[in-house]
Amino acid sequence: MDTGTNMDTGKPPENIKNYTLEALHGWFSAKGEKPFRARQVFQWLYHHRIADWSQATNLSKELRATLSMHFHLGGLALDSRLTSRDGSLKFAFRLDDGAVIETVLMPNRTQYTVCVSTQVGCAMGCVFCATAAMGLMRNLSAGEIVQQVVEVARHLPPEKEVRNIVFMGMGEPLHNYDNLMDALNILQEDTGFCLSARRLTVSTSGLVPAILRYARDGVRANLAVSLNGVTDEMRAALMPINRRWNIEAVLDACRQLTSENRYRITFEYVLLKDVTDGLDNARKLVRLLHGFKCKVNLIPYNPHPGSAFQAPSMEHAREFQRVLLNKGLLTTLRISKGQDIQAACGQLVTGGAFAGKIPAREGMEPEERASG
Ligand code: SAH
Ligand code: SF4
């Protein structure tokens, strides 16, 4: 990382990855430079993924010097990298203030999906999630979110590209709304990763005002909502946020989103043995989601140390899925990647509290697609 001092202002250089293309245009214009420089710089940052300003060879030496005085490239220090037997990679990155976040790179047949973190820890306290135990330490900046993708893209095999990004790592993305929006904006730029809305999925625990804002803003990214329970009693026992915004409030907000944006929303539902996985709950779920243009993503519980929950058997999970499918609900059963390295949903945690490894359940295929 470049750490020179900005001679104009005396301030340390800023992270350029916090800048959207529009903001960078503005910066160049204010400097009396041609705005098209912003596009060139974006190409260097996200297409070539330079690690040092000297690599941006089509910019003049003077401009590079100016840029390095004002901006650093926001590189993240790699703390560790674990490889799962299913090919997933879990990266731990150390941020400037010493905090550590995790990012997962998952191969899926021919394409790669990156699961990024949006916060250090999480404030939501869901009882089945390892991240919850950390509490919320802080939000990630847009640059720190985007840089996770830049860093892991460097570990892809030649000719391969990142095809999907899921905001399902540590943290509640909608609790860090503004930075998330800038990160989405940057990832969509055609001079950069050029990821279309359908390749980006934000997962939320159900922050109702933020879902409504997401609808109003017409955000171009899929939304997945973690339902995880079919009655308020069940959901509140698992997700404290349900005491603030209950199932009805969440579903009302989702209705608004789908009516304003006419796209298919996803509901996530964690299968906890003998807690959420009863077949009567599957039937209740069908009733709750009646009239929605939606998809359901069933996630069998991923175990982590210190948690007493259990995952249902795969046979039972499939049976749960079948109830939904038979009622015409598009339903996928997620077979989590990277369980053996604690890289699956809800297993991400840093700080050493849960450093132990858990063996993955056997006999699982990569994501099992239901109905076509
Ligand atoms: N905070 C966001 C996104 C991160 S969690 C959210 O809660 O939606 C991503 C998904 O993993 C959520 O659907 C969450 O319910 C699920 N999850 C959390 N802990 C889990 C665990 N131990 N096993 C399986 N899924 C889990
Ligand atoms: Fe936070 Fe999501 Fe984990 Fe709940 S499930 S504690 S919202 S990361």
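This is a predicted model, so every value here is computed, not measured.

Parameters and conventions
Just so you know, the residues in each chain are numbered from 1, in the order the chain's sequence is written. The naming scheme follows written order: chains are lettered A onward, ligands numbered 1 onward. For a predicted model such as this one, the threshold for reporting local features is a pLDDT of at least 70, and the threshold for listing and counting side-chain atom pairs is 80 or more; totals across whole chains, interfaces and linings nevertheless cover every residue. The side-chain figures draw on all heavy atoms in the structure; neither hydrogens nor water molecules are used. Secondary structure counts use DSSP, requiring at least four H or I residues in a row for a helix and at least two E residues in a row for a strand, with both numbered from the N terminus. Definition of a polar contact: a pair of N or O atoms within 3.5 Å, with one able to donate and the other able to accept a hydrogen when the atoms are protein atoms, and with sequence-neighbouring residues admitted only if both atoms are side-chain atoms. All axes are obtained by fitting lines to C-alpha atoms, using only the stretch in contact for helices, and the reported angles, taken between N-to-C directions, cover 0 to 180 degrees. For any helix crossing, the convention is left-handed if the near helix is rotated counterclockwise from the far helix by under a right angle, and right-handed if that rotation is clockwise. Any two residues having at least one pair of non-hydrogen atoms within 4.5 Å are treated as being in contact. Polar here means any residue outside two lists: the nonpolar Ala, Val, Leu, Ile, Met, Phe, Trp, Tyr, Cys and Pro, and the charged Asp, Glu, Lys and Arg; Gly therefore counts as polar. A pair is scored as a salt bridge if a Lys or Arg side-chain nitrogen falls within 4 Å of a carboxyl oxygen belonging to Asp or Glu. A 1.4 Å probe rolled over the protein chains alone gives each residue an accessible area, and that area as a share of the maximum for its type sets the label: buried under 20%, exposed over 50%, partly exposed in between. Bear in mind that the domain bounds are from an automatic or database domain assignment. For any pair of parts, buried area is found by adding up, for both, the accessible area (1.4 Å probe) each one loses once the two are put together. Near is defined per residue: the residue qualifies when any heavy atom it owns lies within 4 Å of the molecule or strand. Surface accessibility follows the Shrake-Rupley procedure with a 1.4 Å probe radius. Residue values consider only the protein chains on display as shielding. Definition of nonpolar core: a set of buried residues of the types Ala, Val, Leu, Ile, Met, Phe, Trp, Tyr and Cys, connected through side-chain atoms within 4.5 Å.

Enquirer: Looking at this model, I keep getting lost on the environment of Y301. Mind explaining?
Expert: With respect to the helices and strands, Y301 occurs in the loop between β13 (294-300) and α10 (314-326). Within the local environment of Y301, its side chain forms a polar contact with the side chain of S307, the two groups lying 2.5 Å apart.

Enquirer: Is there a simple way to explain the packing of helix α5 (residues 177-188) against helix α6 (residues 208-217) in this structure?
Expert: When two helices pack together, their arrangement is captured by the angle between the axes and the distance separating the axes. Contact geometry for α5 and α6: axes closest at 12 Å, N-to-C directions at 35 degrees. Every pair of crossing elements has a handedness; the one defined by α5 and α6 is right-handed. Between α5 and α6, the contacting residues are Y177, D178 and M181 on the first element and A210, R213, Y214 and D217 on the second. In terms of residue class, the contact of α5 with α6 is made up of 4 nonpolar, no polar and 3 charged.

Enquirer: Whenever I open this one, the pattern of salt bridges confuses me. Can you help?
Expert: When the charged atoms of two side chains lie near each other, side chains of opposite charge can form a pair. If you walk through the whole model with that rule in mind, you get 12 salt bridges. For R138, the salt bridge identified is with D97, shortest N-O distance 2.6 Å. Of this pair, R138 sits in strand β8 (residues 136-139) while D97 sits in the loop between β4 (89-94) and β5 (100-108); the two residues are 41 residues apart in sequence, bridging distant segments of the chain. Between D252 and R255 there is a salt bridge, with the nearest N and O atoms lying 2.9 Å from each other. Of this pair, D252 and R255 both sit in helix α8 (residues 247-261), 3 residues apart, roughly one helical turn. Since its relative accessible area comes to 39%, R255 is described here as partly exposed. Within this structure, D97, R138 and E144 form a network of salt bridges that share partners.

Enquirer: So what exactly am I meant to see when it comes to the domain arrangement of the protein chain here?
Expert: Much of the literature gives interface size as the accessible area that the parts lose upon coming together. Segmentation of the protein chain into domains returns domain 1 (14-72) and domain 2 (77-370). Once you take the C-alpha centre of each, domain 1 and domain 2 turn out to be 33 Å apart. If you look at the interface, domain 1 gives 15 residues, while domain 2 gives 18 residues. In total, about 1400 Å² of surface goes out of reach between domain 1 and domain 2, with carbon and sulfur atoms giving 53% of it.

Enquirer: I tried to follow the site of ligand 1 on my own but got confused; where do I start?
Expert: In the vicinity of ligand 1, 21 residues are found, and the nearest of them are F128, G171, S203, S226 and N302. Between ligand 1 and G171 there is a distance of 2.9 Å, counted from a nitrogen atom to a backbone nitrogen or oxygen. Measuring from a nitrogen atom of ligand 1, one finds a backbone N or O atom of N302 at 2.8 Å. Contact with the protein chains removes 96% of the 530 Å² of surface that ligand 1 exposes when unbound. At the level of secondary structure, the elements contributing two or more residues to the shell around ligand 1 comprise β10 (200-204), β12 (265-271) and β13. Considered class by class, the residues forming the shell around ligand 1 number 9 nonpolar, 10 polar and 2 charged.

Enquirer: Before we go on, may I ask you to explain the nonpolar core in this structure?
Expert: Most often, soluble globular proteins keep nonpolar side chains buried together rather than apart. Within the largest apolar cluster, 120 residues are counted, with the highest numbers of intra-cluster contacts made by F167, L174, Y214, F267 and L289. For this core, the element with the most residues is α5, which contributes 7 residues. Composition of this core by domain shows at least three residues from each of domain 1 (14-72) and domain 2 (77-370). When near neighbours in sequence (up to four residues on either side) are disregarded, F167 contacts V116, T118, I145, P173, L180, L184, L187, L200, T201, V202 and S203.

Enquirer: Looking at this structure, I do not really get unusual backbone geometry. What am I missing?
Expert: Note: most peptide bonds trans; most residues except glycine with negative phi. We note that N228 has phi near 65 degrees; this positive angle belongs to a residue other than glycine. Mapped onto the fold, N228 is located in the loop between β11 (222-226) and α7 (232-238). You will see that D274, though not glycine, has its phi angle at about 60 degrees, which is positive. Tracing the backbone shows D274 in the loop between β12 and α9 (279-288).

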